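Structural overview for review
Listed below are the residues making up each chain.
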Amino acid sequence: MQKVELIATATFGLESVVAEEVKALGYTDVQVENGKVTFTAEISAIARTNLWLRTADRVRLKIGEFQATTFDELFEKTKALPWADWITEDGTFPVEGKSVKSTLFSVPDCQAIVKKAVVESLKKTYKRDWFEENGPLYKIEVALLKDVATLTIDTSGPGLHKRGYRELIGTAPLKETMAAALIMLSRWKPDRVFMDPFCGSGTIPIEAALIGQNIAPGMNREFVSESWPAIPKSAWREARAETHDLARYDQKLEIIGTDIDEEILKIARTNALEAGVDDLIHFQRMDVRDIRTKKKYGYLICNPPYGERLGEWKQVSRMYGEMGKTFAALDTWSFYVITSDELFEEHFGRKASKKRKLYNGNMKVDYYQFFGPKPPRPSMVPPAE
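Residues numbered from 1 in each chain as written. Predicted model: local features only at pLDDT ≥ 70, side-chain atom pairs only at ≥ 80, totals over all residues. Heavy atoms only, no water.

Digging into the domain arrangement of the chain
Our working rule: As annotated, the domain borders come from an automatic or database domain assignment. Only heavy atoms matter for contacts: two residues are in contact if any of them lie within 4.5 Å across the pair. Computed with a 1.4 Å rolling probe, the buried area is the accessible surface lost when two parts are put together, summed over both parts. The salt bridge criterion pairs a side-chain nitrogen of Lys or Arg with a carboxyl oxygen of Asp or Glu, the two atoms within 4 Å. Whenever a nitrogen or oxygen atom comes within 3.5 Å of another N or O atom, the pair is scored as a polar contact, on the condition that within protein one atom can donate a hydrogen and the other can accept it, and that pairs from neighbouring residues in sequence are kept only if both atoms are in side chains. The numbering of helices and of strands both runs from the N terminus, where a helix is a DSSP run of H or I of at least 4 residues and a strand a run of E of at least 2. Lys, Arg, Asp and Glu make up the charged group, whereas Ala, Val, Leu, Ile, Met, Phe, Trp, Tyr, Cys and Pro make up the nonpolar group; the residues left over, Gly among them, are polar.
Each assigned domain of the chain is listed here: domain 1 (3-154) and domain 2 (176-216 + 224-370). Of note, the centres of domain 1 and domain 2, computed from C-alpha atoms alone, are 32 Å apart. Of the residues lining the interface, 29 residues belong to domain 1; the matching set on domain 2 comes to 32 residues. Summed over both sides, the interface of domain 1 with domain 2 buries roughly 2,400 Å², with 69% coming from carbon and sulfur. By the criterion of area lost to domain 2, the three top residues of domain 1 are Leu51, Trp52 and Arg54, representing 31% of everything that side buries. Between domain 1 and domain 2 we count two salt bridges in total. Two residues, glutamate 242 and arginine 48, come together in a salt bridge whose shortest N-O distance is 2.9 Å. Here domain 1 is connected to domain 2 by six residue pairs in polar contact (both at pLDDT 80 or more). At the level of secondary structure, the elements contributing two or more residues to the side of domain 1 that touches domain 2 comprise α1 (15-24), α2 (44-52) and β7 (148-154). Partitioned by chemical class, the residues of the side of domain 1 that touches domain 2 number 15 nonpolar, seven polar and seven charged.

Quick look at the structure:
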């Protein structure tokens with residue numbers, strides 16, 4: 001089967017998580033750079049990675065990469081790439097661009113030149129002067145970084161965070177890809193209790209349910225490259241069949257989502273229903289101060305309010321202090337909290353076992369990880385007769 005070079009784009013700070021996911025799918029030729037994970041694989045990987053990657057932003061098909069410091073160079077080298085291998089005669093191929101620390105800094109000019117070069121390349125193959133552009137979508141990106149141009153086509157369409165279940169969104173939503181990353185970074189296992197005391201519209205508990213039952217995040221949506229003739233229909237058929245074969249619908253889970261706002265919990269329940277995991281999550285109205293449980297060795301992962309608006313800091317820091325007191329009673333649990341408050345540990349009253357810098361949207365945040373004790377191993381001694 002034909003080999004292709006793919007780029008799974010990633011939010012800064014999540015590249016290693018995305019790389020781990022790519023390797024888990026069986027792709028070993030993996031390179032990790034800022035904001036992206038590049039790998040070579042068979043063409044079927046376009047379908048599999050779009051369906052399975054939980055933490056990547058999108059999957060791009062790399063057409064070429066080269067040095068370009070003049071517009072002539074950009075034009076000629078783009079024109080020389082095999083665009084007709086992918087773009088059909090009726091294909092729609094808009095061009096978007098970005099330029100960082102490069103001689104060619106005018107993005108509109110770079111976009112126009114790439115568009116013209118692709119047209120010239122297609123003219124040679126299809127022996128025509130005009131392209132209607134009323135067929136499948138091939139969104140091209142020209143990304144210039146330190147005078148190196150990378151030309152890609154987006155295979156995903158809407159970003160991979162759009163799983164298809166979140167029609168209703170609460171305030172300050174956490175992207176589904178980030179929610180999945182927080183869970184994967186925690187190393188939570190499906191046999192442990194899972195709780196989110198600030199669940200909002202339910203994103204973290206829903207992603208936990210999908211991970212817990214190994215349900216592919218892209219199972220219920222479509223991707224732009226499904227309409228590309230260059231990818232065999234069988235590749236998509238087989239990849240979708242694999243998502244059904246590998247799902248563990250009989251895996252028992254105990255997932256709890258609580259929030260103080262009953263209206264937002266209604267949205268969470270609707271979203272869980274859309275995702276097909278409503279029977280796996282118990283949503284309940286509760287103040288974080290009232291959280292109690294007899295369950296041992298659970299995982300608590302949350303995205304509490306940050307207090308970004310003026311005047312909210314006092315209120316939020318007080319709440320963090322209350323969280324610290326409440327969570328202290330859960331002495332066998334592990335806690336994971338994402339917040340932009342650099343004094344969080346001080347307010348919480350405890351130093352994190354580990355801290356990781358991430359970006360929630362464009363906001364720098366820290367992921368505070370408090371590791372609880374490991375559960376005792378089941379005794380190997382057989383019970384007495």
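Past the structure itself, the notes keep going.
Details of helix α6 (residues 203-212)
Turn by turn, an α-helix covers 3.6 residues, leaving residues three or four places apart pointing in a common direction. Applied cut-off: Relative accessibility decides the category of a residue: with a 1.4 Å probe and only protein chains considered, values under 20% of the type maximum give buried, values over 50% give exposed, and everything between is partly exposed.
With ten of ten residues buried, α6 is to be regarded as a mostly interior element. Listed in full, the buried residues belonging to α6 are Thr203, Ile204, Pro205, Ile206, Glu207, Ala208, Ala209, Leu210, Ile211 and Gly212. Buried residues along α6 sit in contact with α5 (176-186), β8 (194-196), β9 (255-259), α8 (262-275), β10 (281-285) and β11 (299-302). Remark: asparagine 214 follows α6 within two positions and exhibits a positive phi of approximately 50 degrees.

Digging into the UniProt feature "domain: THUMP" (unreviewed entry) in the chain
Our working definition: UniProt positions are given in the numbering used here, feature names are shortened, and annotations may be inferred rather than shown by experiment.
Those places that UniProt annotates as "domain: THUMP" (unreviewed entry) correspond, in this numbering, to residues 45-155. Secondary structure across residues 45-155 comprises 33% helix and 26% strand; the distance between its end C-alpha atoms is 11 Å.

So, helix α9 (residues 313-328)
Heads up, the condition is: Every helix has an expected span of 1.5 Å times one less than the residues it contains.
Compared with the 22 Å implied by 1.5 Å per residue over 16 residues, the 22 Å span of α9 between its first and last C-alpha is a close match. Listed in full, the buried residues belonging to α9 are Val316, Ser317, Met319, Tyr320, Gly321, Met323, Gly324, Thr326 and Phe327. The inward-facing, buried residues of α9 contact β11, β12 (334-339) and α10 (344-348).

Description of the nonpolar core
Put simply, the rule reads: By convention a nonpolar core is built from buried Ala, Val, Leu, Ile, Met, Phe, Trp, Tyr and Cys residues, the set being connected through side-chain atoms within 4.5 Å.
Ranked by internal contacts, the top residues of the largest apolar core, which has 123 residues, are Leu74, Trp83, Trp86, Ile140, Val277 and Met323. Each of two domains, domain 1 (3-154) and domain 2 (176-216 + 224-370), supplies a minimum of three residues to this core. Beyond its immediate stretch of four places on either side in the chain, valine 277 contacts Ile206, Ala209, Leu210, Ile215 and Ala272.

Quick look at the sheet that holds strand β14 (residues 363-370)
Keep this limit in mind: In this scheme, strands are said to pair when DSSP sees at least two bridges between them. Axis definition: a line fit to C-alpha positions, over the contact stretch in the case of helices; interaxial angles, taken between N-to-C directions, run 0 to 180 degrees.
Taken in spatial order, the seven strands of this open sheet run β10-β9-β8-β11-β12-β14-β13, and their pairing is mixed. Two strands lie at the open edges of the sheet, namely β10 and β13 (354-360), each paired on one side alone. Geometrically, the sheet is characterised by an average inter-axis angle of 20 degrees between neighbouring strands, direction not taken into account. Those strands touched by α6 are β8, β9, β10 and β11, and its axis lies near 160 degrees from that of β8.

Points about empty space enclosed by the protein
Stated formally: Definitions used for this entry: grid spacing 1 Å over protein atoms alone; cavity, a set of points where a 1.4 Å probe fits but cannot get out; pocket, an open set with protein on both sides within 12 Å along at least 5 of 7 lines; lining residue, one with an atom within 4 Å of a point. Grid points are joined across faces, edges and corners, and a volume is the space filled by probe spheres set on the points.
Under the defined criterion, the tally for this structure stands at one cavity of 30 Å³ or more. When its volume is computed, the largest cavity comes out at roughly 40 Å³. Residue lining of the largest cavity: Asn50, Leu51, Leu53, Leu160, Arg163, Pro217, Gly218, Arg221 and Phe223, and that is the complete set. Looking at the lining of the largest cavity residue by residue, the classes come out as five nonpolar, two polar and two charged.

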